[in-house]
Amino acid sequence: MKPSETMAQQAFLAKQKRRRHFVLFCRVFLLVFLLVLWELSARVGIINDFIFSSPSRIVASFLRMTADQSIFLHTGVTVFETLVSFFLVTAIGILGAVLLWSSETLSEILEPYLVMLNSLPKSALAPILIVWLGNNTRTIIVAAVSVAVFGSILTLHNGFRTMDPDQIKLIYSLGGNRKDILTKVLLPGSVPLMISNMKVNIGLCLVGVIIGEFLSARAGLGYLIIYGSQVFKLDLVMMSIVILCLVSALLYQAVAILENRFGRP
């Protein structure tokens, strides 16, 4: 039976490998097809390349900004603001969820307000933050934190509440207290939930940073998008959007690697 099982396993693994290669091929083919279609449409006049730009114009714009190294400044500013806001959201989210879990009364009091703040369109807060904090990087980071932090607290708190009650009884039966439940059961057992929540937060923080840069920035990819649209440099706008897509994918993949390393049982 073992030889047949080995052959079956090998056939299954080979099938899975072919499927992964097929999926990768389709992804690359679809991307190349869309880029070629976009470029040809712009060259033959189906679309106006001044308004819709084209891959070649985007590359030319990127090379110009690479030559004077300005693109690295703007990209670095956006990535820095996103990472700072992400770490703040992660820390505040875990701390807030622990505080709500530690006090059921506090949870019942604050939960409606957290739901309300989480549902509030954060773009409405940006002009107020500029008045309160000024036109600076701090405003952008606070705007980004406001986009993700309330949902993060609610998600983690709801996850904490679903902890197995039998584990709690076991800790108490062994002479433990609520601190032991928190440090030995709740937090270690919630690592997959925390990292899964981080995968959502990294994208939300990037969105919040761009919202902040739209209104309060002198550098960054959001600033380039607004500046390019104001002076009708649509190549600059499209290039910034493409770079944003790449940055978001890389940041998400970084958290996914962290999940594979620590977040899976």
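Numbers given for residues are sequential positions, taken from 1 along each chain in its written order. At least 70 in pLDDT is required for a residue's local features to be given in this predicted model, at least 80 for side-chain atom pairs to be given and counted, and no such filter applies to totals for whole chains, interfaces and linings, which use all residues. Derived side-chain values reflect all non-hydrogen atoms in the structure, with water molecules and hydrogen atoms excluded from consideration.

Looking up the protein chain in an unreviewed UniProt entry gives the name ABC transporter permease, with the organism given as Candidatus Copromonas faecavium. The UniProt entry for the protein chain carries the following text under Subcellular location (unreviewed entry): "Cell membrane". UniProt positions are given in the numbering used here, feature names are shortened, and annotations may be inferred rather than shown by experiment. The Sequence similarities (unreviewed entry) field of the UniProt record for the protein chain holds the comment "Belongs to the binding-protein-dependent transport system permease family."

Explanation requested: the pattern of salt bridges in the structure shown.
When the charged atoms of two side chains lie near each other, side chains of opposite charge can form a pair. One side-chain nitrogen of Lys or Arg within 4 Å of one carboxyl oxygen of Asp or Glu is enough to make a salt bridge. Considering all chains together, one arrives at 4 salt bridges under this definition. Among the ionic pairs, Arg57 bridges to Asp49, the shortest N-O distance being 3.5 Å. Classification of Asp49 by relative accessible area gives partly exposed; the value is 28%. One salt-bridge network, held together by shared partners, links Asp49, Arg57 and Asp235. The cut-offs for exposure are 20% and 50% of the maximum accessible area for each residue type, with area from a 1.4 Å probe on protein chains only; residues under the lower value are buried, those over the upper are exposed, and the others partly exposed.

Before we go on, may I ask you to explain the side chain of Thr82 in this structure?
Examined against the element boundaries, Thr82 turns out to sit in helix H4 (residues 70-102). A residue is classified by how much of its surface remains accessible, and Thr82, at 0% relative accessible area, is buried. What Thr82 contacts, discounting residues up to four positions off in sequence, is Ile202, Cys205, Leu206, Val209 and Leu251. Segments assigned H or I by DSSP are reported as helices when at least four residues long, segments assigned E as strands when at least two residues long, and all are numbered from the N terminus. Only heavy atoms matter for contacts: two residues are in contact if any of them lie within 4.5 Å across the pair.

Explain the side chain of His74 here, please?
Take His74: it is sitting in helix H4. By relative accessible area, which is 8% here, His74 ends up buried. With sequence-adjacent residues up to four places away left out, His74 is seen in contact with Met65, Ala219, Gly220, Leu221, Tyr223 and Leu224.

Could you clarify how one ought to interpret helix H3 (residues 55-67) in this entry?
In an α-helix, one turn spans 3.6 residues; hence positions three or four apart end up facing the same way. Taking 1.5 Å as the rise per residue, H3 with 13 residues should run 18 Å; its terminal C-alpha atoms sit 18 Å apart, in good agreement. Along H3, the positions that sit buried rather than exposed are Pro55, Ile58, Ser61 and Met65. Down the axis of H3, the buried set is contained in an arc of 125°. They therefore lie on one face. The outward face of H3, more than 90 degrees from its buried face, is lined by the exposed residues Leu63, Arg64 and Ala67. Following H3 by one or two positions, Gln69 has its phi on the positive side, about 65°. The span expected for a helix works out to 1.5 Å for each residue beyond the first. Directions from the helix axis toward the C-beta atoms define the arc.

Would you explain the packing of aromatic side chains in this entry?
Here a ring pair, both rings aromatic, is described through the centre-centre distance and the interplanar angle of the planes. Think of it this way: a Phe, Tyr or Trp ring, Trp meaning its six-membered ring, pairs with another when their centres are within 6.5 Å, and the plane angle makes it stacked under 30 degrees, edge-to-face over 60, tilted otherwise. With the rule as written, the count across this model stands at 4 aromatic pairs. Between Phe29 and Phe33 the ring centres are 6.2 Å apart and the planes differ by 20°, which places this aromatic pair in the stacked class. With Phe29 and Phe33 both in helix H1 (residues 2-44), this residue pair falls 4 residues apart, about one helical turn. We classify Phe33 as partly exposed; its relative accessible area is 43%. Members of the aromatic cluster, joined through ring pairs, are Phe25, Phe29 and Phe33.

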